[in-house]
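Residue strings, one per chain:
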Amino acid sequence: MEDDLGEPIHLADPPGASGHVVSLRVLEPPTPDRAFLDCEFVVEAETVRGSFPVYMTSDDLDDWEEALGGRLRAIGSCRG
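Quick caveat, the model's predicted, so the values are computed rather than measured.

Q: Where do I start with the confidence of the model for the chain in this structure?
A: Low-confidence regions, as indicated by low pLDDT, have predicted coordinates that should not be scrutinised in detail. Mean pLDDT over the chain stands at 77; residues scoring 70 or higher make up 80%. Mean pLDDT values over the elements of the chain span from 66, in helix 1 (residues 58–79), up to 92, in strand 4 (residues 49–56). Across residues 73–80 the pLDDT falls below 50, and counting only partners more than four positions away or on other chains, this stretch makes zero contacts in the model.

Below, the structure is given as structure tokens:
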């Protein structure tokens, strides 16, 4: 899916590192009659790849944005 919601969460090691990735992919876009997004979490490492289905609401995504935003700001301030 190639739109704004295709992969709202994508955490990856820097290039040249171990290549670990955790992402949330939206499988079906939202519709007016559905209060959730059909998604999957994907975990990738050097020797394994796995995924599992989840249902997310817009409130869930807001909570993730707040949690990850605060964490990323804290990491950035530690790096100077």
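The rest of the description comes next.
Q: Looking at this structure, how should I read the pattern of salt bridges?
A: In the structure shown here, the tally under the stated rule is two salt bridges. Close ionic contact of Glu40 with Arg25 constitutes a salt bridge, the shortest N to O distance being 3.9 Å. With Glu40 in strand 3 (residues 37–44) and Arg25 in strand 2 (residues 21–28), the pair connects residues that are 15 residues apart, well separated along the chain. On the basis of relative accessible area, Glu40 is assigned to the buried category, the value being 16%.

Q: What is the right way to look at the side chain of Ser23 in this model?
A: Inspection of the secondary structure puts Ser23 in strand 2. Excluding anything up to four places from it in sequence, Ser23 contacts Glu7, Ile9, His10, Glu40, Phe41 and Val42.

Q: What is the right way to look at a nonpolar patch on the surface in this model?
A: On the surface, a nonpolar cluster with roughly 310 Å² of combined accessible area is contributed by Leu11, Val22, Val43 and Phe52. Looking at the element boundaries, Leu11 is found in strand 1 (residues 9–12).

The rules behind the values
Residue positions are given per chain, counting from 1 as you read along its sequence in written order. With pLDDT at 70 or above as the cut-off, local features in this predicted model cover only qualifying residues; side-chain atom pairs require 80 or more to be listed or tallied, and sums for whole chains, interfaces and linings still use all residues. Note that the side-chain values use all heavy atoms of the structure and ignore hydrogens as well as water. Residue-level confidence of the predictor is summarised by pLDDT, bounded by 0 at the bottom and 100 at the top. The secondary structure listing takes helices from DSSP runs of H or I that are at least 4 residues long and strands from runs of E that are at least 2 residues long, numbered from the N terminus. The contact rule is simple, with two residues in contact once any of their heavy atoms fall within 4.5 Å. For this analysis, a salt bridge means a side-chain nitrogen from Lys or Arg found within 4 Å of a carboxyl oxygen belonging to Asp or Glu. Think of it in three bands: with a 1.4 Å probe and only protein chains considered, a residue is buried below 20% of the maximum accessible area for its type, exposed above 50%, and partly exposed in between. In this analysis, a patch consists of residues with relative accessible area above 30% that form no salt bridge, clustered at 9 Å for like charges and at 5 Å for the nonpolar side chains Val, Leu, Ile, Met, Phe, Trp and Tyr. What sets the accessible areas is the Shrake-Rupley method with a 1.4 Å probe; for residues, cover comes only from the shown protein chains.

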